[in-house]
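# Observations on the three-dimensional arrangement
Next come the chains, spelled out residue by residue.
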2 protein chains.
Amino acid sequence: MTATVKYSIQERAADRARIRYLLSEGEEVTEAILGKPGPVDEHDAQRLHDDIDEVTQLARRLPEPDLADTLEALPSEERHALWRLVGEEKRGKVLHEVSEHVWEDLIDEMSDRDLLRVLSTLDIDEQIYLAQRLPRDLTGRLLATLSPEERARVGQVLRYEKGSVGAIMEFEVITVRAEITLATVQRYLRRLGKMPENTDKLFVTTRDMTLLGELELTTILLHRPQTRVEEVMEKNPVTFIPTDPDEEAARTFERDNLVSAAVVDHQGKLMGRLTVDEIVDVVIEETDSGLRRMGGISAEEDVFAPVGKAVKSRWAWLAINLCTAFIASRVIDGFEHTISQLVALASLMPIVAGIGGNTGNQTITMIVRSLALQHIQPGNFGFLLGREMGVALINGLVWGGIMGIVTWLLYDDMALGAVMTLAMVLNLLVAAVMGVIVPMVMVRLGRDPAVGSSVMITAITDTGGFFIFLGLATLFLM
Amino acid sequence: MTATVKYSIQERAADRARIRYLLSEGEEVTEAILGKPGPVDEHDAQRLHDDIDEVTQLARRLPEPDLADTLEALPSEERHALWRLVGEEKRGKVLHEVSEHVWEDLIDEMSDRDLLRVLSTLDIDEQIYLAQRLPRDLTGRLLATLSPEERARVGQVLRYEKGSVGAIMEFEVITVRAEITLATVQRYLRRLGKMPENTDKLFVTTRDMTLLGELELTTILLHRPQTRVEEVMEKNPVTFIPTDPDEEAARTFERDNLVSAAVVDHQGKLMGRLTVDEIVDVVIEETDSGLRRMGGISAEEDVFAPVGKAVKSRWAWLAINLCTAFIASRVIDGFEHTISQLVALASLMPIVAGIGGNTGNQTITMIVRSLALQHIQPGNFGFLLGREMGVALINGLVWGGIMGIVTWLLYDDMALGAVMTLAMVLNLLVAAVMGVIVPMVMVRLGRDPAVGSSVMITAITDTGGFFIFLGLATLFLM
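Keep in mind that this is a model prediction, so the values were computed, not measured.

## A closer look at the overall build of chain A
In terms of helices and strands, chain A carries 23 helices and 6 strands. The C-alpha atoms of chain A give 30 Å as radius of gyration, which overshoots the globular expectation for 478 residues (23 Å, by more than 25%). Overall, the C-alpha framework of chain A stretches about 90 × 75 × 50 Å when taken along its three principal axes. For chain A, buried positions account for 57% of its 478 residues. For chain A, the exposed surface amounts to about 20,000 Å²; the carbon and sulfur share of it is 56%.

This is how it looks when you write it as structure tokens:
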């Protein structure tokens, strides 16, 4: 695009797409790389050779994050083919970037020795990150390659649960003393020669690591070299403790526009830091898993997972769904006599149930989202319930009224139309009430309101819808 | 927590909760602040006075991001009450932080003069951000308060569409020349006296603003003062053009762990920069709106929106849902004769339809997500279709088989059980095929696959499920 930009993001995107194209379009390229070449004639052989050459060039040219991205976007065969072409010096960074299921897939065919050698090219924080995802025996072997001090740190992180700040904190931090001048800080930094990624501030501590404040890099640059650190440091920084939930940290990063923040223990001693790139991953994973959970797909399923894995990931929700459908079916069965006398009821009942499910899911989506953003608390419960019931009442009267008239005209039966309207209003009210109550109760029970809310509300509105409609019909039409 | 942390995030969270509690628990506090006091006896009056005092203190103490967060989490009445207590010096920043619907709600009761005065406390990038959300006549008045140069910049941003990099870029950048030394850069920075938020790098340009490279703050600190900028600058930085989609920029920020990046025009001239805090907002909004769209709720609906607004935001999906349910109902109606002869069909048919809808939605959630992450391209289509059909076949045989046996035992009718099994297998296959095809076709048509996919798949599996089950029953059981 410009003279200065030698490898633009557009070119990188094009190269990523080209690799995917070359590996996916025909199977020959992938098979040849994996050492399973089929029979090819001479002309094809030349083309195949060119294609493999091109993929190899592209794999050499693309930076690690792009390779990671491309590996994510390939089915398992093609993924392994590309992995063979990734140079050893890039493999560590790539493994660090890919998501967990891809990483498991890739290390499957690597020997333990190869894997440990690749990991040793990474810095300590990256090694710790990956150590948490290694099979237990490999973790031990990785630990054995570290210095005692590093080993102690890894042990510390492995103690913290997934989902806590401790599990995503980094150890490489630069600390300075409060009484030195900015000129001394600069000399110190030059002697260090490098800073960890995403360093926007140094941490000011006492000799025993008690955090006194933070010194932003911009502060160092904006003040005169003779200034002492304590005169310009931020004395009231945002800090986290390792047991804070990562989602809460993410919200604070977003709220305060942070790039990094200190992690301290209960005595206020500096343990490490959190950086925005881990936080972005948390945000993405959080919302992504919300989407998956509402859809009944477990986090382990990758779009290219084999059939067996996909079946396993989904069967639980199908089983639950089948049970609830079965219960609804039993409710209908209870009204067999009514239906046999007025078969029209069988065609109309799914409308009542369906509209309830739709409304209930709208309400639940809204509530789950607000709970996640911590916008709802007990004080608002009455307000929300009232609002959702108001919405349901209006929608019920409008759409139930329309459907009532349509039913009346279709079957020439005014009473049936009236039952239809009444049933829709009632089922929408049930949907609204349960749409508020179900996620609230799940939170109160200490469970994640996103998991299964949708299945539960659909079960309630289906069963409820059939019962209300067929019950009213039995009362008024028989 | 520690001696150095004077106002910890835990305390801030507690204060936010306290404000919400005081305003929401009883209506008196809110009403009194809004100047609508009801009758109270003397003892209550004292408590009311104390409560209002406390809210006022808290509003004074909390920083802007926390106030914004609290305003988001309050119903409209309480929100306005708190807004009255937010000092004028904080109002600009708060308005900049809140989401669009809250901002509209808040400025509703402010006079144009007040609003413009509040906006004038913000820096130019914040003013531009808000100018895009102002009613048209106010935008003009805001522009009139700016210098001609600033006005030109605002005009430039307003040209770019929402969802593009241009609409979220910032103008305040620091540029330096390539031939000067780092010592000169530092002197220059000290003279400037401040840097824009999230500055992790300076931009190296020619006199006519052509971007030559980027100079990270860490680079300045790590090298000797005599070093010249061009020796240490990054000559191949990641850059964006204003028309790039913001979601693509977000993915690049995530991939490359960026804090800020240059925005250049087609000639390679520096126009402004993107920062990670805008990007985090994009990521959150993107995934959030995905969730909303799949649930059939428009982005304008806030959890505290009044009933009328909520009805408006949701009615379209309800109407579509009603239409599809009506079509499904007509399919059932076509088999009225069959049902009247075997009423058990009426109770069993929702099971077939329901399980299809569940499977279809699992498939669609997976596909939509992968499309969003750009992990799917035409070459994978066959693979995905094959995989989903394999999953559906296995699930169909297992669960359909179980339901077939249950049906057989329940109704003592083996043929009915066999029809049940066959119908479930077929409907699961329909769900899998359509779950892959529907979002793919929507993308091909240039539409957002998340919008309405779920409604469409449910319509297909309902109608299809009823038709398959009742059709098979008519063929084999009548």
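## A short note on the relation of the copies chain A and chain B
Aligned on chain B, chain A shows an RMSD of 0.2 Å; the corresponding rotation is 180° and the shift along the axis is 0.0 Å. Given the turn and translation reported, the copies of this chain are related as if by a two-fold rotation axis. A shared interface surface links the copies, since 100% of the contact residues of chain A are contact residues in chain B too.

## Examining helix α3 (residues 42-61) of chain B
Residues and elements named next belong to chain B. Over its 20 residues, α3 extends 29 Å from the first C-alpha to the last, a length consistent with the 28 Å expected when each residue adds 1.5 Å. Every buried residue of α3 is listed here: L48, D51, V55, T56, L58 and A59. Down the axis of α3, the buried side of the element spans an arc of 165°, and every buried residue falls inside it. Within α3, the exposed residues directed more than 90 degrees away from the buried face are E42, H43 and R60.

## Some words on the pattern of salt bridges
When the charged atoms of two side chains with opposite charge come close together, those side chains can pair. In total, this model carries 38 salt bridges over all chains according to the counting rule given. For E388 of chain A, the salt bridge is made with R387 of chain A, and the minimal N-O distance between the two is 2.9 Å. Each of the two residues, E388 of chain A as well as R387 of chain A, counts as buried. Two residues, R330 of chain B and D333 of chain B, come together in a salt bridge whose shortest N-O distance is 3.3 Å. One end of the pair is R330 of chain B and the other is D333 of chain B, both in helix α18 (residues 307-334) and 3 residues apart, which spans about a single turn. Beyond isolated ion pairs, a larger network of salt bridges with shared partners links R12, R16, D66 and D69 of chain A together with R255 and D256 of chain B.

## Let's talk about the interface of chain A and chain B
Counting from both sides, the interface comprises 133 residues of chain A and, opposite them, 134 residues of chain B. Overall, the association of chain A and chain B removes approximately 11,900 Å² of surface from exposure, summing both partners, and the carbon and sulfur fraction of that is 64%. Our count for the chain A to chain B interface comes out at 4 salt bridges. Across the contact surface, chain A and chain B share 13 residue pairs in polar contact (both at pLDDT 80 or more). When the residues that make up the side of chain A that touches chain B are grouped by side-chain class, the tally is 64 nonpolar, 38 polar and 31 charged.

## Quick word on the sheet that holds strand β3 (residues 211-216) of chain A
All names here are of chain A. Read from one edge of the open sheet, 3 strands run β1-β2-β3, paired in mixed fashion. Unpaired on one side and paired on the other, β1 (175-176) and β3 mark the two borders of the sheet. As paired elements, strand β2 (residues 201-205) and β3 share 5 bridges and run antiparallel to each other. From the neighbouring strand, T205 faces β3, where its bridge partner is L211.

## Some details on the UniProt feature "transmembrane region" (unreviewed entry) in chain A
All names here are of chain A. The UniProt feature table records "transmembrane region" (unreviewed entry) at residues 391-411, 417-443 and 455-477. End C-alpha atoms of residues 417-443 are separated by 40 Å, and the span's content is 100% helix alongside 0% strand. End-to-end, the C-alpha atoms of residues 455-477 are 32 Å apart, and along that stretch the chain is 100% helix and 0% strand.

## Examining the domain arrangement of chain A
When cut into domains, chain A gives domain 1 (1-109), domain 2 (120-156), domain 3 (175-295) and domain 4 (307-477). One C-alpha centre belongs to domain 1 of chain A, the other to domain 3 of chain A; they are set 37 Å apart.

## Concerning unusual backbone geometry
For residues other than glycine, phi is negative in most cases, and the peptide bonds are mostly trans. One non-glycine residue, N198 of chain A, lies in positive phi territory at about 60°. Along the chain, N198 of chain A falls in the loop between α13 (182-192) and β2. N198 of chain A gets classed as buried once you look at its relative accessible area, which sits at 12%. Phi is positive for N257 of chain B, close to 50°, though the residue is something other than glycine. Among the secondary structure elements, N257 of chain B is positioned in the loop between α16 (246-256) and β5 (260-264).

## Here's the deal with the environment of R61 of chain A
Residue and element names in this part refer to chain A. As for its position among the elements, R61 is in helix α3 (residues 42-61). Placed 353 residues apart in sequence, R61 and M414 show a C-alpha to C-alpha distance of 74 Å. Ignoring sequence-local partners within four residues, the contact set of R61 consists of Y7, E11, D15 and K90. Here D15 takes part through its side chain, which lies 3.0 Å from a polar atom of the side chain of R61.

## What to know about the packing of aromatic side chains
Inspection of the entire model under this criterion finds 6 aromatic pairs over all chains. Geometrically, the ring pair formed by W315 of chain A and W399 of chain B is stacked, given 6.0 Å between the ring centres and 10° between the ring planes. One end of the pair, W315 of chain A, is in helix α18 (residues 307-334); the other, W399 of chain B, is in helix α21 (residues 381-411), on a second chain. Centre to centre, the rings of F335 of chain A and F467 of chain A are 6.0 Å apart; their planes meet at 65°, and the pair counts as edge-to-face. With F335 of chain A in the loop between α18 and α19 (336-341) and F467 of chain A in helix α23 (residues 453-477), this pair connects stretches of sequence that are 132 residues apart. When its relative accessible area of 51% is taken as the criterion, F467 of chain A is described as exposed. Over the ring of W83 of chain A we find R91 of chain A; its NZ or CZ atom is 4.5 Å from the centre of that ring. A cation over an aromatic ring shows up here: R159 of chain A above the ring of Y160 of chain A, its NZ or CZ 5.2 Å from the ring centre.

## Focus on the confidence of the model for chain A
Residues with a pLDDT of 70 or more make up 92% of chain A, whose mean pLDDT is 85. Low pLDDT, under 50, characterises residues 1-5 of chain A; the predicted model gives this stretch 13 contacts beyond four residues in sequence or across chains.

## A closer look at the nonpolar core
The nonpolar side chains of a soluble globular protein tend to be buried, and buried together. The biggest cluster of nonpolar side chains holds 134 residues, and the ones touching the most others in it are L274 of chain A together with L274 of chain B. Among the nonpolar cores identified, the runner-up in size contains 74 residues, and F335 of chain A together with A328, V352 and V425 of chain B belong to it.

## A look at the sheet that holds strand β3 (residues 211-216) of chain B
Spatial strand order, β1-β2-β3 (chain B): 3 strands in an open sheet with mixed pairing. Two strands close off the open sheet at either side, each with one partner strand: β1 (175-176) and β3 of chain B.

## Describing a nonpolar patch on the surface
Residues and elements named next belong to chain A. Among the surface-exposed residues, I405, W408, L409 and M414 lie close enough to one another that they form a single nonpolar patch of about 450 Å² accessible area. As for its placement among the helices and strands, I405 is situated in helix α21 (residues 381-411). A relative accessible area of 48% places I405 in the partly exposed class.

## Comments concerning the packing of α18 of chain A against α21 of chain B
It is the contact of α18 of chain A with α21 of chain B, at a shortest axis distance of 10 Å, that shows an interaxial angle of 30°. What the angle tells us is that α18 of chain A and α21 of chain B run roughly parallel. Regarding α18 of chain A and α21 of chain B, the two cross each other, and that crossing is right-handed. Where α18 of chain A approaches α21 of chain B, its residues V307, A310, V311, R314, W315, L318, A319, L322, F326, R330 and D333 of chain A are matched on the opposing element by R387, E388, G390, V391, I394, N395, W399, M403, V406, L410 and Y411 of chain B.

## Some points on the environment of T145 of chain A
All names here are of chain A. Within the secondary structure layout, T145 lies in the loop between α10 (136-144) and α11 (148-159). Judged by its relative accessible area of 51%, T145 falls in the exposed class. For T145 and R117, which are 28 residues apart along the polypeptide, the C-alpha to C-alpha distance reads 9.8 Å.

## Some thoughts on the side chain of T359 of chain A
Mapped onto the elements, T359 of chain A comes out in helix α20 (residues 344-372). Using a relative accessible area of 5% as the deciding quantity, one classes T359 of chain A as buried.

## A short note on a negative patch on the surface
Residues and elements named next belong to chain A. Residues E27, E28, D41, E42 and D44 make up a contiguous surface patch of negative charge. Every element with two or more residues in the negative patch is listed here: α2 (27-33) and α3. Within the fold, D41 resides in the loop between α2 and α3. Judged by relative accessible area, D41 falls into the partly exposed class, the value being 47%.

About the thresholds
Residues numbered from 1 in each chain as written. Chains lettered and ligands numbered in written order. Predicted model: local features only at pLDDT ≥ 70, side-chain atom pairs only at ≥ 80, totals over all residues. Heavy atoms only, no water. Helix = DSSP H or I, 4+ residues; strand = E, 2+ residues; numbered from the N terminus. Rg over C-alpha atoms; globule rule 2.2 N^0.38 Å. Buried < 20%, exposed > 50% of the residue type's maximum accessible area, 1.4 Å probe, protein only. Areas by Shrake-Rupley, 256 points an atom, 1.4 Å probe, with all protein chains shown as cover. Least-squares fit on C-alpha atoms with pLDDT ≥ 70 in both. Contact = heavy atoms within 4.5 Å. Expected span 1.5 Å × (residues − 1). Arc of directions from axis to C-beta. Salt bridge = Lys/Arg side-chain N within 4 Å of Asp/Glu carboxyl O. Buried area = accessible area lost by both parts, 1.4 Å probe. Polar contact = N/O pair within 3.5 Å; in protein donor to acceptor, adjacent residues only side chain to side chain. Nonpolar A, V, L, I, M, F, W, Y, C, P; charged D, E, K, R; others polar. Pairing = 2+ DSSP bridges. UniProt positions renumbered as here; feature names shortened; annotations may be inferred. Domains from an automatic or database assignment. Phe/Tyr/Trp six-rings, centres within 6.5 Å; stacked < 30°, edge-to-face > 60°. Lys NZ or Arg CZ within 6 Å of the ring centre and 35° of its normal. pLDDT = per-residue confidence, 0-100. Core = buried A, V, L, I, M, F, W, Y, C linked by side-chain atoms within 4.5 Å. Patch = residues over 30% accessible without salt bridge, like charges linked within 9 Å, V, L, I, M, F, W, Y side chains within 5 Å. Axes fitted to C-alpha atoms, helices over the stretch in contact; angles between N-to-C directions. Parallel < 35°, antiparallel > 145°, perpendicular 65-115°, else oblique. Left-handed = near helix turned anticlockwise from the far one by under 90°. Lys, Arg positive; Asp, Glu negative; His and termini not counted. Charge placed at Lys NZ, Arg CZ, Asp CG, Glu CD.

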